[in-house]
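Tertiary structure, described
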Amino acid sequence: MNNMLQVQFGNITFQNPVIAASGTFSPDFEQHFDLSRLGGICSKGLTLYPRAGNKGIRIWETASGIMNSVGLENKGVDLFIQQDLPILKKLKDKGVRIIINVSGSTEEEYLRAVELFSKEEVDIIELNISCPNIKGGGMLFGMTSYAARELVRQVRKITSLPLVIKLTPNADNIVKIAQCCEEEGADGLSLVNTFNAMAIDVKKRKPAFNNVYAGLSGPAIKPIALRMVHEVCQKVKIPVIGIGGITNGRDALEFVMAGATCLQVGTANFMNPFSCARIIEDIENFLREEGIESLEEIRGIL
Amino acid sequence: MAKIIFNREIDKNIYYLKIAGNYQGLMGQFYMLRGWTTCHPVLGRPFSIFDLDEQAISFIYRVIGEGTQLLSRLRKDDEIELYGPYGRGFPQAKGKIALVGGGVGLAPLYLAARELRKQRSVEAIHTYLGFQENAILIDLFDKVSHRLAIDIGGYISKMVDVNSYDYVFACGPEEMMKAIVEQKKSERPHIFLSLEKRMGCGIGACLSCTCQTSSGNKLTCKEGPVFPGEEIYFE
Ligand SMILES: Cc1cc2nc3c(=O)[nH]c(=O)nc-3n(C[C@H](O)[C@H](O)[C@H](O)COP(=O)(O)OP(=O)(O)OC[C@H]3O[C@@H](n4cnc5c(N)ncnc54)[C@H](O)[C@@H]3O)c2cc1C
Ligand SMILES: Cc1cc2nc3c(=O)[nH]c(=O)nc-3n(C[C@H](O)[C@H](O)[C@H](O)COP(=O)(O)O)c2cc1C
Ligand code: FES
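Remember, predicted model here, so these are calculated numbers, not experimental data. (Residues numbered from 1 in each chain as written. Chains lettered and ligands numbered in written order. Predicted model: local features only at pLDDT ≥ 70, side-chain atom pairs only at ≥ 80, totals over all residues. Heavy atoms only, no water.)

1. Some points on the overall build of chain A
Secondary structure summary: chain A contains 10 helices and 16 strands in total. Whereas a compact globule of 302 residues would reach a radius of gyration of roughly 19 Å, chain A reaches 18 Å, a difference of no more than 12%. Seen through its principal axes, chain A has C-alpha atoms that stretch 55 × 45 × 40 Å. Within chain A, the fraction of its 302 residues that count as buried is 61%. Across chain A, the 32 positively charged side chains and the 34 negatively charged ones have centroids separated by 7 Å. (Helix = DSSP H or I, 4+ residues; strand = E, 2+ residues; numbered from the N terminus. Rg over C-alpha atoms; globule rule 2.2 N^0.38 Å. Buried < 20%, exposed > 50% of the residue type's maximum accessible area, 1.4 Å probe, protein only. Lys, Arg positive; Asp, Glu negative; His and termini not counted. Charge placed at Lys NZ, Arg CZ, Asp CG, Glu CD.)

2. Quick notes on the nonpolar core
Counting 119 residues, the largest nonpolar core has I100, I165, L167, L189, L191 and I283 of chain A as the members making the most contacts within it. Domain assignment of the residues forming this core places at least three in each of domain 1 (2-86) and domain 2 (95-231) of chain B. Residues in contact with I165 of chain A, not counting those within four places in the same chain, are L127, I129, V152, C181, A186, G188, L189 and S190 of chain A. I19, F47, L116 and F141 of chain B belong to the second-largest nonpolar core, a separate cluster that totals 49 residues. (Core = buried A, V, L, I, M, F, W, Y, C linked by side-chain atoms within 4.5 Å. Domains from an automatic or database assignment. Contact = heavy atoms within 4.5 Å.)

3. A word on the domain arrangement of chain B
Residues and elements named next belong to chain B. What the domain assignment reports for chain B is domain 1 (2-86) and domain 2 (95-231). Each of domain 1 and domain 2 was reduced to a C-alpha centroid, and the two centroids are 21 Å apart. Facing 21 residues of domain 1, the contacting portion of domain 2 comprises 24 residues. Carbon and sulfur atoms supply 69% of the area buried between domain 1 and domain 2, which totals about 2000 Å² over both sides. Considering only the side of domain 1, the residues that lose the most area to domain 2 are M27, F50 and Y86, jointly responsible for 32% of the buried surface there. Viewed at the interface, domain 2 and domain 1 are joined by 1 salt bridge. The residue R114 makes a salt bridge to D51 at a minimum N-O spacing of 2.4 Å. Connecting domain 1 to domain 2 are 4 residue pairs in polar contact (both at pLDDT 80 or more). Only β1 (2-11), β2 (14-20), β3 (30-34), β4 (45-48), β5 (51-52) and β6 (56-62) provide two or more residues apiece to the side of domain 1 that touches domain 2. At 3 residues, β6 tops the list of elements feeding residues into the side of domain 1 that touches domain 2. Here the side of domain 1 that touches domain 2 is composed, by residue class, of 15 nonpolar, 3 polar and 3 charged. (Buried area = accessible area lost by both parts, 1.4 Å probe. Salt bridge = Lys/Arg side-chain N within 4 Å of Asp/Glu carboxyl O. Polar contact = N/O pair within 3.5 Å; in protein donor to acceptor, adjacent residues only side chain to side chain. Nonpolar A, V, L, I, M, F, W, Y, C, P; charged D, E, K, R; others polar.)

4. Digging into the packing of helix α6 (residues 174-183) of chain A against helix α7 (residues 222-235) of chain A
Residue and element names in this part refer to chain A. The geometry of α6 relative to α7 is characterised by a closest axis approach of 9 Å and an angle of 45° between their N-to-C directions. By the criterion of interaxial angle, the relationship of α6 to α7 is oblique. Where α6 crosses over α7, the two elements pack in a sense that is right-handed. On α7, the residues that touch I174, V175, A178, Q179 and E182 of α6 are M228, E231, V232 and K235. (Axes fitted to C-alpha atoms, helices over the stretch in contact; angles between N-to-C directions. Parallel < 35°, antiparallel > 145°, perpendicular 65-115°, else oblique. Left-handed = near helix turned anticlockwise from the far one by under 90°.)

5. Things to note about the sheet that holds β6 of chain B
Residues and elements named next belong to chain B. Spatial strand order, β4-β3-β7-β1-β2-β6-β5: 7 strands in an open sheet with antiparallel pairing. Only two strands of the sheet have a single partner each, and these edge strands are β4 and β5. By the bridge criterion, 2 bridges tie β1 to strand β7 (residues 79-86) in an arrangement that is antiparallel. By the bridge assignment for β7, K3 is matched with E79. (Pairing = 2+ DSSP bridges.)

6. Remarks on the interface of chain B and chain A
Listed as interface residues are 26 residues of chain B and, on the opposing side, 30 residues of chain A. When chain B packs against chain A, close to 2300 Å² is buried across both sides, 60% of that on carbon and sulfur atoms. The largest share of the area that chain B buries against chain A comes from V42, R198 and I203 of chain B, three residues that together contribute 25% of it. Along the contact surface separating chain B from chain A lie 2 salt bridges. The shortest N-O distance in the salt bridge between E61 of chain A and R45 of chain B comes to 2.8 Å. Taken together, the connections running from chain B to chain A amount to 16 residue pairs in polar contact (both at pLDDT 80 or more). Every element with two or more residues in the side of chain B that touches chain A is listed here: β7 and β13 (210-213) of chain B. A total of 5 residues in the side of chain B that touches chain A trace back to one element, the largest contributor, which is β7 of chain B.

7. A few points about the sheet that holds strand β15 (residues 240-243) of chain A
All names here are of chain A. Taken together, the 8 strands give a closed barrel; going around it, the order is β3-β4-β7-β8-β9-β10-β15-β16, and neighbouring strands pair in parallel fashion. Sheet twist, expressed as the mean angle between neighbouring strand axes with direction ignored, is 25°. Note that strand β4 (residues 40-42) and strand β7 (residues 97-102) share 3 bridges and pair parallel. Paired with G40 across the bridge in β7 is R97. Of the strands in this sheet, β4 and β7 touch helix α2 (residues 85-93), which is tilted by about 145° from β7.

8. Observations regarding the site of ligand 1
Surveying the vicinity of ligand 1 reveals 22 residues, the closest of which are R45, P46, I60, G67 and T68 of chain B. What surrounds ligand 1 is not a single chain but chains A and B. The separation between a nitrogen atom of ligand 1 and a polar main-chain atom of I60 of chain B is 2.7 Å. The backbone of G65 of chain B places a nitrogen or oxygen atom 2.7 Å from an oxygen atom of ligand 1. Computed on the free molecule, ligand 1 has an accessible area of 820 Å², of which 85% lies beneath the protein chains in the complex. Looking at the shell around ligand 1, the elements that each hand over two or more residues are β4, β6 and α1 (66-72) of chain B. When residues of the shell around ligand 1 are assigned to their parent elements, the largest contribution, 4 residues, is made by β4 of chain B. Of the residues contributing to the shell around ligand 1, the split by class is 11 nonpolar, 4 polar and 7 charged. Mapping the shell around ligand 1 onto the domain boundaries places at least three of its residues in each of domain 1 (2-86) and domain 2 (95-231) of chain B. (Near = heavy atom within 4 Å. Areas by Shrake-Rupley, 256 points an atom, 1.4 Å probe, with all protein chains shown as cover.)

9. A few points about α7 of chain A
All names here are of chain A. For α7, with 14 residues, the first-to-last C-alpha span of 20 Å sits near the 20 Å given by 1.5 Å per residue. Within α7 the residues assigned to the buried category are K222, A225, L226, M228, V229, V232 and C233. Each buried residue of α7 sits inside an arc of 165° when the element is viewed along its axis, so together they form one side. Exposed side of α7, more than 90 degrees from the buried face: P223 and K235 are the residues found there. (Expected span 1.5 Å × (residues − 1). Arc of directions from axis to C-beta.)

If you want it as structure tokens, here you go:
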């Protein structure tokens, strides 16, 4: 039915390009729509060991965006595999691609987490080298091409699962980092994670967040994310997942025209729990109206 | 999108919002409301279900900041988005029950009183409402309570003999809820509190509403907003 929406991401076929982004979605959205309609679903950022996350306020609004400082609260890989993966596997059986977002503080932690998932039936490992909300590790691996190259090289050695690297827009030169990941054998890239940002509670004369800085996402970042996806797509051959402020079908199509193969929808899920479903419908309607047979026709046309 | 039946200011900065439609929900559950179609404000705002039947759902809210200001401007027949019902509400209860509300914290207690009254195992419902200046909605609460006590300008928690009840459901300022929990001296009163935390999604995805409890981090939106009183660590 949705054949015209089908996309090929390297060796993996997605029934449509829309993926629910890490940290912004959960199987509980089934309350609102049939999740088997999704192209893919991305897990919360997982670390080898459980993490309690950050203290203090974790979410703060700004004009057309939000800042978050969740700090990768998660139950750790073992418990996730026991408790949550079975639910995702049911979706996988219905054709939804399962993407596991892995983070860590040290190279060793990343490697052991990826190793554990390599024994599981998941479709893609998304290596999160871009989380701005944890001290040490996380984004540090994505800030310089040296660190990114080292990590991707080591992870590549231990897993045959498709490996997507999630990049941070906070790096000096995101294109260079993208190229390093490609050279080290990454199967794809996803960009962008959140922008390092800040908010101040003027009455308290203190930063809104205990960690001072937090990650900005939502419609506010879309034009910058789009430019970055465009730049990266010019310079790499591996497929790219476009992320950043995608809220409707038009936004999604912009990312496709800039070169993205798949898309992730994050903050928009908070604005409207049907966002992913609506975006899929919007894209399909656009293709029909414009007489386009597949997204391939409009991908990277600019 | 749903249509507004009325959005009435019932006291200074406090509104009674009624929306048409056959919505689901249990006592203590909440909805995320968006009274705007733009992407600013980005997040919906969580509000407890005040009342509900097959034709309509209603909420009581206080104007705090931008989101509630936008809500307060809506008129009859305007459209609004609401998503839910979310969360785990009040549990089934029996025996003698106290409902304690401070300010707009009374919102989830009306549906609770209505639901509890239908249960045969419930012997009595005593409602205690505390206000800063004016009492609101007392006629409604009077109809669904066996006894109704009102306090204006003081501490409503002082009027409640917590240990004489089998169940105490409370919602309001943190000090009020803390004072209720601190009164507990025996096994008898089962205390349940409805908490407020900043929320991103309302549905358990974003982890921005975590609260610390004696059994570890819990998601206020999914595992709450109603928690057993003794589990809560007050800040
Ligand atoms: C489960 C639940 C049920 C609630 N039920 C009611 C109710 O029935 N009636 C009522 O008047 N209020 C209720 N609240 C509080 C209500 O959600 C806030 O007053 C409202 O979100 C304020 O929004 P604002 O844009 O006007 O304020 P702003 O301060 O401008 O909001 C900024 C951000 O902080 C959040 N925020 C601010 N205050 C609170 C708060 N107390 N709790 C949670 N988030 C907050 C907002 O949602 C928004 O994301 C409830 C809160 C929760 C969590
Ligand atoms: C509350 C929240 C939690 C997030 N958690 C993660 C995470 O665990 N791992 C990750 O790689 N990205 C995480 N992200 C980033 C999103 O996946 C996405 O890259 C970013 O929000 C930009 O997309 P958007 O503008 O559509 O939200 C999180 C974002 C938000 C808002
Ligand atoms: S509000 Fe998102 S997890 Fe509770």
